[in-house]
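What follows is the residue order along each chain.
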Amino acid sequence: MQYKLSFGRSVFIAFNYIVLVGFALLCLLPMVHVLAISLSSGTAAAAGFVTLWPVDFTFKAYEYVANKPEFIRSMIVSFQRVLIGVPLDMLLTLLIAYPLSKDARTLSFRRGYIVFFMITILFGGGLIPWYMVIKMTGLLDSIFALILPGAVSVFNVILLFNFFRNLPKEIEEAAYIDGAGHWYTLWKIFVPLSMPAIATLILFTTVGHWNSWFDGIILMNRTENYPLQSYLQTVVVQQGLERMITIQDTALLQEVSNRTNKAAQIFIGALPILLVYPFLQRYFMSGIVLGSVKG
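Procedures and definitions
- Residues numbered from 1 in each chain as written.
- Predicted model: local features only at pLDDT ≥ 70, side-chain atom pairs only at ≥ 80, totals over all residues.
- Heavy atoms only, no water.
- Helix = DSSP H or I, 4+ residues; strand = E, 2+ residues; numbered from the N terminus.
- Buried < 20%, exposed > 50% of the residue type's maximum accessible area, 1.4 Å probe, protein only.
- Contact = heavy atoms within 4.5 Å.
- 1 Å grid on protein atoms, 1.4 Å probe; cavity = no way out; pocket = protein on both sides within 12 Å on 5 of 7 lines; lining within 4 Å.
- Points joined across faces, edges and corners; volume = space filled by probe spheres on them.
- Nonpolar A, V, L, I, M, F, W, Y, C, P; charged D, E, K, R; others polar.
- Axes fitted to C-alpha atoms, helices over the stretch in contact; angles between N-to-C directions.
- Parallel < 35°, antiparallel > 145°, perpendicular 65-115°, else oblique.
- Left-handed = near helix turned anticlockwise from the far one by under 90°.
- Salt bridge = Lys/Arg side-chain N within 4 Å of Asp/Glu carboxyl O.
- Expected span 1.5 Å × (residues − 1).
- Core = buried A, V, L, I, M, F, W, Y, C linked by side-chain atoms within 4.5 Å.

I'm lost on the overall build of the chain in this one. Help?
When helices and strands are tallied, the chain shows 14 helices and zero strands. Mapped in sequence order, the helices and strands of the chain form the string α-α-α-α-α-α-α-α-α-α-α-α-α-α. Across the 295 residues that make up the chain, the buried fraction comes to 40%. Once local pairs closer than 6 in sequence are excluded, the contacts in the chain between residues at least 24 apart make up 72%.

Mind showing me how you'd approach unusual backbone geometry here?
As a rule of thumb, non-glycine residues mostly have phi less than zero, and peptide bonds are mostly trans rather than cis. Look at aspartate 56: it is not a glycine, yet its phi comes out positive at around 55°. In this structure, aspartate 56 sits in the loop between helix 2 (42–47) and helix 3 (60–66). A positive phi angle is found at aspartate 141, which is not glycine, with a value near 65°. By the element assignment, aspartate 141 lies in the loop between helix 6 (127–136) and helix 7 (154–166).

Explain empty space enclosed by the protein to me, please; I cannot follow it from the model alone.
Any empty space left between the atoms is revealed when a probe the size of a water molecule rolls over them. Evaluation of the coordinates by the stated rule reveals three cavities of 30 Å³ or more. Of the volumes computed, that of the second largest cavity is approximately 60 Å³. Around the second largest cavity sit Phe164, Leu167, Pro168, Lys169, Ile171, Glu172, Ile189, Phe190 and Leu193, which together line it. For the lining of the second largest cavity, the elements supplying multiple residues, two or more each, are helix 8 (169–177) and helix 9 (182–193). A per-class count over the lining of the second largest cavity returns seven nonpolar, no polar and two charged.

In this structure, what is going on with the packing of helix 4 (residues 69–100) against helix 7? I would like to understand it.
Relative placement of two packed helices is described by the angle separating their axes and the distance separating the axes. For the pair helix 4 and helix 7, interaxial distance at closest approach is 8 Å and the crossing angle is 45°. The angle between the axes of helix 4 and helix 7 places the two elements in the oblique class. For the pair helix 4 and helix 7, the crossing hand works out as right-handed. In this structure, helix 4 contributes Thr93, Leu94, Ile96, Ala97, Tyr98 and Leu100 to the contact, and helix 7 contributes Asn156, Val157, Leu160, Phe161, Phe164 and Arg165. Classifying every residue of the contact of helix 4 with helix 7 by side-chain character gives nine nonpolar, two polar and one charged.

Even after reading the chapter, I still don't get the pattern of salt bridges, so can you show me in this structure?
If the charged atoms of two oppositely charged side chains come close together, the side chains can form a pair. Enumeration according to the criterion identifies five salt bridges in this entry. The salt bridge partner of glutamate 172 is lysine 102, with a shortest N-O separation of 2.2 Å. Placement of glutamate 172 in helix 8 and of lysine 102 in the loop between helix 4 and helix 5 (110–122) is noted, with a sequence separation of 70 residues between them. Just as glutamate 172 is buried, lysine 102 falls in that class too.

Even after reading the chapter, I still don't get helix 9, so can you show me in this structure?
Side chains of residues three or four places apart in an α-helix project in the same direction, reflecting 3.6 residues per turn. End to end, helix 9 covers 15 Å across 12 residues, agreeing with the expected 16 Å (1.5 Å per residue, within 8%). In this structure, the buried side of helix 9 is in contact with helix 4, helix 7, helix 8 and helix 10 (195–211).

Honestly, the nonpolar core in this entry has me stumped. Any pointers?
What tends to happen in soluble globular proteins is that the nonpolar side chains get buried as a cluster. Phe71, Leu100, Leu160, Phe164 and Phe190 are the most contacted members of the largest nonpolar core, which totals 54 residues. Within the residue set of this core, elements represented by two or more residues are helix 3, helix 4, helix 5, helix 7, helix 9, helix 10, helix 12 (228–237) and helix 14 (258–290). A per-element tally of this core places helix 4 first, with 11 residues. When near neighbours in sequence (up to four residues on either side) are disregarded, phenylalanine 71 contacts Val65, Leu228, Tyr231, Leu232, Gln265 and Ile268. Ala36, Ala44, Ala45 and Val50 belong to the second-largest nonpolar core, a separate cluster that totals six residues.

Please clarify how the environment of phenylalanine 49 should be interpreted in this entry.
Here phenylalanine 49 shows up in the loop between helix 2 and helix 3. By relative accessible area, phenylalanine 49 is classed as exposed at 59%. For the pair phenylalanine 49 and isoleucine 37, spaced 12 residues apart in the sequence, the C-alpha separation amounts to 9.3 Å. For phenylalanine 49, the contacting residues outside a window of four places in its chain are Ala44 and Val55.

This is how it looks when you write it as structure tokens:
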């Protein structure tokens, strides 16, 4: 016997689909618009003729960006930040979350440690003490100024140690009976079983490092040390094409405008995350749900 949906249920499902499609379009259409502008001629973009499809299709904006040393340097800094910061963040998160996942009999003063970490979420010293600490430790104008101050995310620690606490205790006990220590248990049992949660945290951390721009502007005294998002912030908010004055660049002035230049840089800056996200998205929901239900 085939189950038949009631009229009210059918309307509810249709309404949900309409709302979800609407939200998806709200997220997708701005990026499509930026891509269309970047692939259009400078004249069409400046005149406002471009909507969701390129007008006078051209790659001149991307040609200019590819030959722009400031953009290339900032892209390299961002990749360095992700390649160093994400493994370091995950290593520290694992080393903190594992002992906190034990009960009070295994880890003395466990509740005190948790309270200590929770205080850092509720209270902060503010911008000036944060800057002074980084300056006094000699990290200014270095890649580690973008990595070390935020290397431990308490939110990620909470998600991961809750995920660890949901794992069957019998697996850990069997490992101890066979002679495994804590270090072996963490890397050979907990980490492989926690890949959904770890992949979710890798996604969070990668996006956080890649999209962060404020710390780059505050902590870098030289613009050549800016990460990509800090550089894009200065380009989009403060600068135009006023530096485009070399002989090689003047040939592009007929095809590239301020809008197409900015659009090309914004799209290239967002492209790495757009490429990485589909591979980690399947872990996203299970990692969040399983790591957030137990204290």
